Amino acid sequence: MPTRTEIKGIFAAGVTGGHIYPAVAVADELSKIVNLKALFIGTGRGAESRIFKNFKYEYIQIPAIGSDASRIKYIYKNTMAILKISRLINKFSPDFLFTTGGYIGGITGYVAHKKGIPIFLHESNVQPGISTKKLSAYSVISFCAFEETTKFLQNAFFSGMPVRQGFESERDPEFSRKYPSMKVLAFGGSEGSNVIDTIVDNLSKKMKEITFFHIGPSKIENENVINFDYYEDIPYLMRNCDVIISRAGASTMAEIIQSARPAILVPWKGSLNGHQELNARYLEKMGGVFVIDEENIDYDQIISVIQKLSQKDFYKIVSDNLKKLRPVSNPSVTIARMIIEKVS
């Protein structure tokens with residue numbers, strides 16, 4: 001049990017759902033145990049406008065950019081970010097920092113370290129980036145979504161990936177009655193994907209017996225496709241569909257594992273340090289997903305995989321392989337309790 005009833009924490013997590021949702025899951029779990037005063041720091045870019053809309057925690061935008069920008073812009077923007085974060089930390093006086101990486105995570109972590117604030121980080125990819133490796137030297141605990149990752153970071157602990165609740169819940173019988181055929185859920189991550197859109201368009205024309213649930217800004221005009229611009233309750237859709245087609249972002253990997261839904265992954269080749277390819281290949285090696293090259297899409301191969309997954313015995317083997325990758329205990333609970341133990 002915690003010795004303190006109130007804790008103040010800064011959560012540096014921005015741009016993508018893969019960074020934001022794990023931090024939210026940890027904050028939610030902390031709030032169940034203690035009175036948490038949380039401040040989320042983002043950059044104002046990417047999926048933040050949707051995710052942080054009507055957000056229950058305090059949220060502030062501090063622009064930060066990566067090294068792919070011009071040197072002058074990189075130095076100016078990030079120096080300003082350091083100054084703003086420094087003033088913010090002085091004013092907020094947090095008990096800890098929790099970061100899930102990204103530009104804002106690295107900068108906030110640097111400032112927190114200089115000010116002696118306890119740092120907890122979470123690495124969601126199989127192989128961490130350079131900034132996360134460096135920051136792990138100053139972290140109290142470096143939580144990892146995959147056991148494989150612990151060998152790359154200092155102060156590492158395999159916790160699994162914090163995800164929203166509901167992925168392991170039972171299917172909704174009404175949903176199954178409404179859509180009795182095989183159901184495929186396809187999405188391209190928080191930013192959408194033209195590649196995934198094209199795959200859904202082509203597959204839905206070739207496999208008319210399947211119902212496709214497509215999430216993204218583009219609308220697929222085929223009778224067996226149900227389109228959503230954005231869907232808040234992803235756990236509900238994922239557990240009620242049979243197969244996932246998606247990119248290979250870290251948050252999606254964790255959700256596939258928790259829902260134990262076999263997936264066809266199309267890693268984005270432009271992801272930082274090839275993270276998506278590494279994530280996808282790791283799950284493929286474990287027998288839980290099938291990987292497609294976005295530059296050489298073989299529709300016959302995809303159709304063959306979906307047809308094999310329509311066989312109950314084969315489906316169960318793949319689903320059980322994903323279940324084996326689940327952490328023993330709930331990652332959000334584990335992380336929240338370990339943070340409280342260290343800062344109380």
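Residues numbered from 1 in each chain as written. Predicted model: local features only at pLDDT ≥ 70, side-chain atom pairs only at ≥ 80, totals over all residues. Heavy atoms only, no water.

## Re the overall build of the chain
For the chain, the count of helices and strands is 13 helices and 13 strands. Whereas a compact globule of 344 residues would reach a radius of gyration of roughly 20 Å, the chain reaches 20 Å, a difference of no more than 12%. Taken along its principal axes, the extent of the C-alpha atoms in the chain is 60 × 50 × 40 Å. Within the span of the chain, comprising 344 residues, buried residues form 53% of the whole. In the chain, once contacts between residues fewer than 6 apart in sequence are set aside, the share between residues at least 24 apart is 62%. When the accessible area of the chain is evaluated, it comes to approximately 16000 Å², of which 50% is carbon and sulfur surface. Distance from the positive charge centre (42 side chains) to the negative charge centre (35 side chains) of the chain: 6 Å. (Helix = DSSP H or I, 4+ residues; strand = E, 2+ residues; numbered from the N terminus. Rg over C-alpha atoms; globule rule 2.2 N^0.38 Å. Buried < 20%, exposed > 50% of the residue type's maximum accessible area, 1.4 Å probe, protein only. Contact = heavy atoms within 4.5 Å. Areas by Shrake-Rupley, 256 points an atom, 1.4 Å probe, with all protein chains shown as cover. Lys, Arg positive; Asp, Glu negative; His and termini not counted. Charge placed at Lys NZ, Arg CZ, Asp CG, Glu CD.)

## Here we look at the sheet that holds strand 13 (residues 289-291)
Pairing between sheet strands relies on hydrogen bonds along the backbone, with the strands arranged either parallel or antiparallel. The strand order 10-9-8-11-12-13 describes an open sheet built from six strands, whose pairing is parallel. Both outer strands of the open sheet, strand 10 (225-228) and strand 13, are each paired with one neighbouring strand and no more. Put simply, the sheet's adjacent strands are angled 20° from each other on average, direction ignored. Note: strand 9 (residues 211-215) against strand 10, four bridges, orientation parallel. Paired with isoleucine 215 across the bridge in strand 10 is phenylalanine 228. Against the sheet, helix 10 (residues 275-285) makes contact with strand 12 (263-265) and strand 13, and its axis sits at roughly 130° relative to strand 13, the strand it touches most. (Pairing = 2+ DSSP bridges. Axes fitted to C-alpha atoms, helices over the stretch in contact; angles between N-to-C directions.)

## Some points on the confidence of the model for the chain
For the chain, per-residue confidence averages 89 on the pLDDT scale, and residues scoring 70 or more make up 95% of the total. Ranking the elements of the chain by mean pLDDT puts helix 2 (residues 48-51) last, at 72, and strand 12 first, at 97. (pLDDT = per-residue confidence, 0-100.)

## Observations regarding helix 10
Considered for burial, the residues of helix 10 that qualify are His275, Gln276, Asn279, Ala280, Tyr282 and Leu283. Relative to the axis of helix 10, the buried residues are bounded by an arc of 160° and lie together on one face. Its buried side turned inward, helix 10 meets helix 9 (250-259), strand 12, strand 13 and helix 12 (312-323). Residue glycine 287 follows helix 10 closely and has a positive phi angle near 80°. (Arc of directions from axis to C-beta.)

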